[in-house]
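Chains, contacts and geometry: an overview
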Amino acid sequence: DAKTTQPPSMDCAEGRAANLPCNHSTISGNEYVYWYRQIHSQGPQYIIHGLKNNETNEMASLIITEDRKSSTLILPHATLRDTAVYYCIVRPDNYGQNFVFGPGTRLSVLP
Amino acid sequence: GAVVSQHPSWVICKSGTSVKIECRSLDFQATTMFWYRQFPKQSLMLMATSNEGSKATYEQGVEKDKFLINHASLTLSTLTVTSAHPEDSSFYICSARTDGALNTEAFFGQGTRLTVV
């Protein structure tokens, strides 16, 4: 079973920041937080991941609370092409371990 | 990032026939690949873990004789849906990670949409 809780859906205005929350209150010390997104009829696309420090890349920023029980994915300037289902996944640092997908958050970016 | 390629992107087959889906890691080696299935409006569900040089590990409820997995090399895994039926119609997705690398993301193929008529 997925170890995360996300809102089922969110809307965001084009050009504004999209803040997607994720609750992972049972996360263990060796588990990372990963974010993927899936645009309709495509395979999941990696966005970002982190352990305890905040992370930023060209796609997004990941803010992890100090107690690591929740995190927020931030898309700084959402575009229509960011409309997708966003998955927050916690996973141990184990090569053979698969990614367990929950229902995710369906983000709709509105013009 | 690394690329995982699936072929075909979509396929339509008649009930009772078999369909083979290929998953290739294009620029890295992957001892382990994963096969997922996704029904409409649902999330990805792991079907099996494909291990190069050994038998695949199937999740509970997935018929190993129906969904044949062959991990022929470090860059290729195949999923064959045997005697396909309409209820096997789904979106099949594979993923892989770079060999020996910890703390790294998995890369996913673009998916294969199977329609059994």
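Remember, it's a predicted structure, so these values are computed and weren't measured experimentally.

**Here we look at a nonpolar patch on the surface**
Among the surface-exposed residues, W10(B), I12(B) and V117(B) lie close enough to one another that they form a single nonpolar patch of about 380 Å² accessible area. Structurally, V117(B) can be placed in the segment after strand 11 (112-116).

**Details of the packing of aromatic side chains**
How two aromatic rings sit relative to each other is set out by the distance from centre to centre and by the angle between their planes. Within this structure, the stated rule accounts for 12 aromatic pairs over all chains. Summarising the aromatic geometry, the rings of Y32(A) and Y34(A) are spaced 6.5 Å apart at their centres and angled 55° between planes, so their arrangement reads as tilted. By the burial criterion, Y32(A) is buried, and Y34(A) matches it. With centroids separated by 5.8 Å and ring planes inclined at 75°, the aromatic side chains of Y36(A) and Y46(A) adopt a geometry described as edge-to-face. Of this pair, Y36(A) sits in strand 3 (residues 31-38) while Y46(A) sits in strand 4 (residues 45-50), placing them 10 residues apart in sequence. Aromatic rings pair up to connect Y32(A), Y34(A), Y36(A), Y46(A), Y87(A), F99(A), F101(A), Y36(B) and F108(B) into one cluster. We note R91(A) situated over the ring of F99(A); from NZ or CZ to the ring centre the distance is 4.5 Å. Positioned above the aromatic ring of F67(B), the side-chain terminus of K66(B) is 6.0 Å from the ring centre.

**As for the sheet that holds strand 4 of chain A**
Residues and elements named next belong to chain A. Judged by pairing direction, the sheet is mixed, and its 5 strands sit side by side in the order 1-9-8-3-4 without closing on themselves. Each end of this open sheet is capped by a strand with a single partner; those strands are strand 1 (9-13) and strand 4. Taking each pair of neighbouring strands and ignoring which way they run, the sheet shows an average axis angle of 25°. With 8 bridges joining them, strand 3 and strand 8 (residues 84-92) adopt antiparallel strand pairing. Looking at the pairing, V33 lines up with V90 of strand 8.

**Side note on the nonpolar core**
Counting residues in each nonpolar core, the largest one holds 25 residues, and the members touching the most others are V4(B), W35(B), F67(B), L79(B), Y92(B) and L114(B). Contributions of two or more residues to this core are made by strand 2 (10-13), strand 3 (19-25), strand 4 (32-38), strand 5 (45-51), strand 7 (67-73), strand 8 (76-81), strand 9 (90-96) and strand 11 of chain B. In terms of nonpolar packing, the next biggest core, distinct from the first, is built from 21 residues, A18(A), L20(A), Y86(A) and V109(A) among them.

**Some details on the pattern of salt bridges**
Here the structure, examined in full by the defined rule, presents 4 salt bridges over all chains. Between E31(A) and K3(A) there is a salt bridge, with its nearest N and O atoms 2.6 Å apart. Of this pair, E31(A) sits in strand 3 while K3(A) sits in the segment before strand 1, and the two are 28 residues apart along the sequence. For the salt bridge of E22(B) with R24(B), the shortest nitrogen-to-oxygen distance reads 3.5 Å.

**Looking at unusual backbone geometry**
Only a minority of non-glycine residues have a phi that is not negative, and only a minority of peptide bonds are not trans. Residue and element names in this part refer to chain B. In this model, H7 is joined to P8 through a cis peptide bond whose omega is 0°. Tracing the backbone shows P8 in the loop between strand 1 (4-7) and strand 2. One non-glycine residue with positive phi stands out, namely K41, at about 65°. With respect to the secondary-structure elements, K41 resides in the loop between strand 4 and strand 5.

Thresholds applied
Residues numbered from 1 in each chain as written. Chains lettered and ligands numbered in written order. Predicted model: local features only at pLDDT ≥ 70, side-chain atom pairs only at ≥ 80, totals over all residues. Heavy atoms only, no water. Patch = residues over 30% accessible without salt bridge, like charges linked within 9 Å, V, L, I, M, F, W, Y side chains within 5 Å. Areas by Shrake-Rupley, 256 points an atom, 1.4 Å probe, with all protein chains shown as cover. Salt bridge = Lys/Arg side-chain N within 4 Å of Asp/Glu carboxyl O. Helix = DSSP H or I, 4+ residues; strand = E, 2+ residues; numbered from the N terminus. Phe/Tyr/Trp six-rings, centres within 6.5 Å; stacked < 30°, edge-to-face > 60°. Buried < 20%, exposed > 50% of the residue type's maximum accessible area, 1.4 Å probe, protein only. Lys NZ or Arg CZ within 6 Å of the ring centre and 35° of its normal. Pairing = 2+ DSSP bridges. Axes fitted to C-alpha atoms, helices over the stretch in contact; angles between N-to-C directions. Core = buried A, V, L, I, M, F, W, Y, C linked by side-chain atoms within 4.5 Å.

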